[in-house]
Amino acid sequence: MLPRIRFAYLPTPVEPLPRLTTALQGPQLWVKRDDQTGLAFGGNKTRKLEYLLADARKSGAEALITAGAVQSNHCRQTAAAACRFGFTCTLVLAGEKPAHISGNYFLDRFLGAELVWVEKSQREIALKEAFKSAREDGKQPYLIPYGGSNAIGAAAYSFAVQELLDQKSDLDWIIFPSSSGGTQAGLLVGAEKYGFQGRILGISVDNSAAMLQSSVSALAGETAMLLGVKREFSTEEVKVNDEYLGAGYGEMGDPEMEALKLFALYEGLILDPVYTGRAAAGLIDLIRRGFFTADQKVLFWHTGGTPALFADPYLDMLSAR
Ligand SMILES: Cc1ncc(COP(=O)(O)O)c(C=O)c1O
C-alpha cells in the first residue's frame, strides 16, 4: 500500500454530455470531473498530491519545493496542500514576474507560498538554492517534481482507473490533456492493472508526440514497478496527438476559445484556457474529422485548471467575444 493522506473529493462525478454530443453529431460524450477534486479549485494535481504529501510526511519533511509556469495549476494546488498540512511552500516559477496579479499566481501568493522567479534555463539552480535555504532555516525540504509527475504522483491516476471503472466500464476512449505525463502514465498502468479495455489518448499541450511518448513510457514503467504491475510500456503503446499545439504553451487561440464556448454553452461546463481547452479543441476536431464512430463512448477527463480563466490575458480575450 502506498502511503496516502486523503483530502481529495473522490470519486469525482462522471456525467453524460448529451447536448454537446448532439451539437457535434459525435460519439457519445462523457466527462469525468477532476476539476471537482476539491482542493483550492481542484484539478488533477490533487490526486497526485495525496500520495506525494504522504511521502513527504513519511520522510520527515517540513518544506515543500516545486516548480512550474506562471499560471501553474500544480503550483497552486501544492501551495494549498502545504497550508492544509502544515508545510512551508516554495514555488520556482519560470518566466517574468507578471505586472498584474491574477489567476493561479494570485492564489499562490494568497496561499502564502514563497515565490522565486527565474528564467526556465535557471530552474534547476533555483531549486537547489531553495533546498539549501530550507535546510539553513532548519527545515527538511521535499522536492515535488514538475507536474507532480514521478511514479508516486502518477500512481494516483492508476488508482483513478479503478474509480472510473466502478462508475462506467464500457468506454471506448479516454481523452485528456497531457503535459508532464504523470496523468497519462498513471492511466496506462491503471488500465493494465484493472483491465480497462478502451483506448487512452493524450492530447499534447506543449511537447512533440515523440517526446511525450518517450517520457510517458519511461514513467509508466516506473509506476508499474512501484505498483507491482509486471509490464513495460513501449513508446508506440503511448497514444499521443500533438496536432493541437497551436502557437505554443499557454497561447490560447481560436480552437481553444471555440472549445471553451461550446462546453460552456451546451453543458454549462467550464474548461481552462491552457490544458482542457486545448484537449477539448483536439477532441472536437477529431469528432469533426470522423475519427470516432457514432456508437462509440468517449470520456473527456476534465483535469481542472479553471483559475487560469481569470488570469491575464485569457479573461480579456474571452470577455471580448
Ligand atoms: C489542468 C491541467 N490539466 C492537465 C495537466 C497535465 O497533466 P500531466 O502534467 O500529468 O500530464 C496539467 C498539468 O499541469 C494541468 O494543470
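Residues numbered from 1 in each chain as written. Predicted model: local features only at pLDDT ≥ 70, side-chain atom pairs only at ≥ 80, totals over all residues.

A. Region of interest: unusual backbone geometry. That bond from Leu 10 to Pro 11 is cis: its omega, 0 degrees, falls within 30 degrees of zero. Its identity is not glycine, yet Gln 25 carries a phi of approximately 45 degrees, on the positive side. Here Gln 25 is to be found in the loop between α1 (18-24) and β2 (28-33). On the neighbour-count criterion, Gln 25 (9 C-beta atoms within 10 Å) is exposed. A positive phi is found at Phe 41, a non-glycine position, where the angle reads about 80 degrees. On the basis of neighbour counts, which here come to 20 C-beta atoms within 10 Å, the residue Phe 41 falls in the buried class. (Helix = DSSP H or I, 4+ residues; strand = E, 2+ residues; numbered from the N terminus. Buried ≥ 20, exposed ≤ 12 C-beta atoms within 10 Å, placed from the backbone.)

B. Geometry of the nonpolar core. In this structure, Leu 64, Ile 174, Ile 175, Leu 188, Ala 280, Leu 299 and Phe 300 are the most contacted members of the largest nonpolar core, which totals 95 residues. Lining this core are residues from two domains, each supplying at least three of them: domain 1 (14-43 + 149-319) and domain 2 (44-147). The contacts of Ile 175, once residues within four sequence positions are left out, are Leu 201, Ile 203, Ala 279, Leu 283, Val 298 and Phe 300. (Core = buried A, V, L, I, M, F, W, Y, C linked by C-beta atoms within 7 Å. Domains from an automatic or database assignment. Contact = placed C-beta atoms within 7 Å.)

C. Expanded view of the sheet that holds strand β4 (residues 88-94). One open sheet accounts for four strands, arranged β5-β4-β3-β6; its pairing is parallel. The sheet is open, and its two borders are formed by β5 (114-118) and β6 (141-143), each paired with just one other strand. Each adjacent strand pair in this sheet contributes to an overall mean axis angle of 25 degrees, direction not counted. One ladder, built from three bridges, connects strand β3 (residues 63-69) with β6; its direction is parallel. Following the sheet pairing, Leu 64 is matched in β6 by Tyr 142. (Pairing = 2+ DSSP bridges. Axes fitted to C-alpha atoms, helices over the stretch in contact; angles between N-to-C directions.)

D. Looking closely at the sheet that holds β2. On the basis of which strands lie adjacent, the open sheet formed by six strands has the order β1-β2-β10-β7-β8-β9 and mixed pairing. Because the sheet does not close on itself, it has two edges, and the strands there are β1 (14-16) and β9 (239-241). Taken pair by pair, the neighbouring strands of this sheet meet at an average axis angle of 30 degrees, ignoring direction. Both β1 and β2 contribute to a ladder of three bridges, which runs antiparallel. In the strand pairing of β2, Pro 16 is matched with Trp 30. Lying over the sheet, helix α10 (residues 276-288) contacts β7 (173-178), β8 (199-204), β9 and β10 (297-302), oriented at roughly 140 degrees with respect to β7.

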